[in-house]
Amino acid sequence: MWNKGTKLAAALLLLSSLAVPSAYTSAAAKNVKVKVTLVSMELTENNHVGNEWYTAGYVNDKEISEGSQVVLDLKATGSIGLKGYVEEQDKIPDKGETVSSIKVSEVTKPITKAVKVTVTENRGRYSGNTATWTFTFKVQKQ
């Protein structure tokens with residue numbers, strides 16, 4: 001069974017294990033506020049793929065509309081996920097998406113990041129042709 005010495009040792013071990021993590025918290029663990037703006041979603045090339053489109057920009061899997069911004073509270077060791085998604089609106093839609101990321105530690109000054117999304121025509125006489133969209137994001141610390 002437990003004697004006084006065993007109970008005391010167990011209690012000290014428990015207390016020391018609770019205290020250690022906070023004693024070693026580094027400055028790198030601090031959170032950083034980062035503002036991300038979806039500056040534009042622009043069709044930069046279209047070789048007979050389509051005329052009606054659905055587009056969506058995402059920051060860390062959260063949809064953001066063109067011209068709007070989101071402020072993220074991230075760990076200094078974290079990263080920012082940027083995604084562009086495009087879908088041609090017809091009977092058999094063609095789709096494309098591109099994902100890119102930026103490490104929070106790389107954001108020392110405002111960064112403009114272009115994410116290019118290519119959509120390939122999947123049927124018909126223009127099968128194989130492509131359209132390219134450029135999603136422009138601005139990333140900066142607050």
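Residues numbered from 1 in each chain as written. Predicted model: local features only at pLDDT ≥ 70, side-chain atom pairs only at ≥ 80, totals over all residues. Heavy atoms only, no water.

Tell me what's going on with the overall build of the protein chain, and back it up with residues and numbers.
Along the backbone of the protein chain there are one helix and eight strands. Along the protein chain, helices (α) and strands (β) appear in the sequence α-β-β-β-β-β-β-β-β when read from the amino end. A buried classification covers 33% of the 142 residues belonging to the protein chain. Considering only residue pairs separated by 6 or more positions, the protein chain has 66% of its internal contacts joining residues 24 or more positions apart. (Helix = DSSP H or I, 4+ residues; strand = E, 2+ residues; numbered from the N terminus. Buried < 20%, exposed > 50% of the residue type's maximum accessible area, 1.4 Å probe, protein only. Contact = heavy atoms within 4.5 Å.)

Hey, could you go over the pairing of strand E5 (residues 79-88) for me, with residue numbers and the actual values?
Where burial is concerned, most of E5 is hidden: eight out of the ten residues are buried. When strand E2 (residues 53-59) meets E5, the two strands line up antiparallel, connected through seven bridges. Considered in E5, the bridge of Tyr58 is made with Lys83. Where E5 meets strand E6 (residues 95-103), nine bridges bridge the pair, whose relative direction is antiparallel. Of the residues in E6, the one forming a bridge with Ile80 is Ile102. (Pairing = 2+ DSSP bridges.)

Please provide a residue-by-residue account of the packing of aromatic side chains, values included.
Across all of its chains, the model carries two aromatic pairs by this definition. Arranged with centres 5.7 Å apart and planes meeting at 70 degrees, the rings of Trp53 and Trp133 form a pair that is edge-to-face. Here Trp133 lies in strand E8 (residues 130-141) and Trp53 lies in strand E2, a separation of 80 residues in the sequence. Residue class for Trp133 comes out buried when judged on its relative accessible area of 9%. Over the face of the ring belonging to Tyr58 we find Lys83, whose NZ or CZ atom lies 4.6 Å from the ring centre. (Phe/Tyr/Trp six-rings, centres within 6.5 Å; stacked < 30°, edge-to-face > 60°. Lys NZ or Arg CZ within 6 Å of the ring centre and 35° of its normal.)

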